[in-house]
Amino acid sequence: MGKAASKKIADPFSIGINLETGEMANPARHLVRRASDMRGHYADPAALEKLIKDQGDPLHYEVFEVPVPQEDGELMYCISKLQPGAVGGEFFMTKGHYHSVAGTAEIYLCIRGGGYMLMKTADGKSAAEKMSRGRMVYVPPFWAHRSVNTGDEPLISFCVYPGHAGHNYGDIETEGFPRRVFQANGQVVIR
Ligand code: PAN
Ligand code: ZN
């Protein structure tokens with residue numbers, strides 16, 4: 001008897017995603033991160049505190065998803081929407097994470113805006129891939145990943161990853177990523 005026969009087989013479904021706004025029809029889960037959730041992540045903590053105080057803890061990014069079972073064989077999918085802005089010249093970014101099951105990959109299809117996907121491995125490798133509308137970034141297994149918005153509109157991506165992957169914020173808060181993305185004299189600079 002095959003594996004499928006021992007498990008209840010789910011029904012297929014489809015959903016609508018607005019490719020201009022990233023809006024997903026009836027997202028069951030809506031994760032919101034504000035500037036105050038980003039403490040410990042930017043190079044200039046004082047600039048982050050000033051932004052929180054002056055702008056009333058603005059929205060940083062949102063994730064919309066319709067969860068599927070967190071099991072091997074399933075594919076989790078979501079919309080990630082990162083606002084434009086900067087903290088002490090460093091562009092707004094997501095926290096970033098490894099997957100709890102580290103050997104699981106992820107696909108990000110950028111549908112609006114522009115920026116970079118910063119990536120690193122636990123053994124010291126680092127990478128940055130450009131994100132722009134219609135561009136797909138493949139995050140291989142074992143790479144932590146963080147997106148950065150270098151534009152002046154939201155950076156919106158459709159993400160797909162294995163259902164059992166999970167999120168591991170591990171050393172990100174203490175060590176960050178080897179590279180950061182800044183605006184300097186109107187230019188985007190990766191340092
Ligand atoms: C994305 C991210 C999303 C938010 O769905 O979870 O962009 O980033 P953080 O989880 O780092 O705050 C993803 O990579 N899922 O695996
Ligand atoms: Zn991920």
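Analysis parameters
- Residues numbered from 1 in each chain as written.
- Chains lettered and ligands numbered in written order.
- Predicted model: local features only at pLDDT ≥ 70, side-chain atom pairs only at ≥ 80, totals over all residues.
- Heavy atoms only, no water.
- Buried < 20%, exposed > 50% of the residue type's maximum accessible area, 1.4 Å probe, protein only.
- Helix = DSSP H or I, 4+ residues; strand = E, 2+ residues; numbered from the N terminus.
- Arc of directions from axis to C-beta.
- Contact = heavy atoms within 4.5 Å.
- Donors = N, O, S within 2.8 Å, 3.2 Å for Na, K, Ca; no water.
- Tetrahedral: all angles 85-135°; square planar, octahedral: opposite > 155°, others 65-115°.
- Near = heavy atom within 4 Å.
- Polar contact = N/O pair within 3.5 Å; in protein donor to acceptor, adjacent residues only side chain to side chain.
- Areas by Shrake-Rupley, 256 points an atom, 1.4 Å probe, with all protein chains shown as cover.
- Nonpolar A, V, L, I, M, F, W, Y, C, P; charged D, E, K, R; others polar.
- Pairing = 2+ DSSP bridges.
- Axes fitted to C-alpha atoms, helices over the stretch in contact; angles between N-to-C directions.
- Salt bridge = Lys/Arg side-chain N within 4 Å of Asp/Glu carboxyl O.

## A word on helix α2 (residues 45-55)
Here is step 1 of the chain: Residues A47, L48, L51 and I52 constitute the buried set of α2. Taken down its axis, α2 places every buried residue within 140° of arc, on the same side. Away from its buried face, by an angle of more than 90 degrees, α2 presents the exposed residues A46, K50 and K53.
Here is step 2 of the chain: On its buried face, α2 is in contact with β4 (86-87).
Here is step 3 of the chain: Positive backbone phi, at 65°, marks G56, one or two positions downstream of α2.

## Concerning the coordination of the zinc ion (ligand 2)
Here is step 1 of the chain: All of the protein donors around the zinc ion (ligand 2) are H97 (NE2), H99 (NE2), E106 (OE) and H145 (NE2); their distances to the metal are 2.1 to 2.3 Å.
Here is step 2 of the chain: Around the zinc ion (ligand 2) sit 6 donor atoms, and with donor-metal-donor angles ranging over 75 to 171° the site reads as octahedral.
Here is step 3 of the chain: One chain supplies every donor for the zinc ion (ligand 2), spaced along it as H-x1-H-x6-E-x38-H. With H97 in the loop between β5 (90-91) and β6 (106-112) and H145 in strand β10 (residues 144-149), this residue pair connects regions lying 48 residues apart in the sequence.
Here is step 4 of the chain: Owing to a relative accessible area of 9%, H97 belongs among the buried residues under this scheme.
Here is step 5 of the chain: On the accessibility criterion, H145 (2% relative accessible area) is buried.

## What about the site of ligand 1?
Here is step 1 of the chain: For ligand 1, the set of nearby residues contains 16 residues, the closest of which are Y61, G96, E106, Y108 and Y169.
Here is step 2 of the chain: In the environment of ligand 1, an oxygen atom lies 3.1 Å from a nitrogen or oxygen atom belonging to the side chain of S80.
Here is step 3 of the chain: One nitrogen or oxygen atom from the main chain of G96 is found 2.8 Å from an oxygen atom belonging to ligand 1.
Here is step 4 of the chain: Relative to its unbound accessible area of 390 Å², ligand 1 is 98% covered by the protein chains.
Here is step 5 of the chain: Elements with a minimum of two residues in the shell around ligand 1: β2 (59-65), β3 (75-82) and β6.
Here is step 6 of the chain: Grouping the amino acids of the shell around ligand 1 by side-chain chemistry returns 6 nonpolar, 7 polar and 3 charged.

## Digging into the sheet that holds strand β9 (residues 136-139)
Here is step 1 of the chain: Across the sheet, which stays open at both edges, the 6 strands sit in the order β1-β2-β3-β11-β6-β9 with antiparallel pairing between neighbours. Across the chains shown, the open sheet's two edge strands, defined by having one partner strand only, are β1 (29-34) and β9. Between one strand and the next, the sheet's axes are offset by a mean angle of 20°, whatever the strand orientation.
Here is step 2 of the chain: As defined by bridge partners, β3 adjoins strand β11 (residues 155-162) across 8 bridges and the pair is classed as antiparallel. Pairing of L82 across the sheet is with L155, part of β11.

## Side note on the pattern of salt bridges
Here is step 1 of the chain: Applying the stated rule across the entire model yields 8 salt bridges.
Here is step 2 of the chain: In this structure, the salt-bridge partner of R180 is E90, at a minimum N-O distance of 2.6 Å. Placement of R180 in the loop between α3 (172-175) and β12 (181-184) and of E90 in strand β5 is noted, with a sequence separation of 90 residues between them.
Here is step 3 of the chain: Residue class for R180 comes out partly exposed when judged on its relative accessible area of 21%.
Here is step 4 of the chain: Judged by relative accessible area, which is 1%, E90 ranks as buried.

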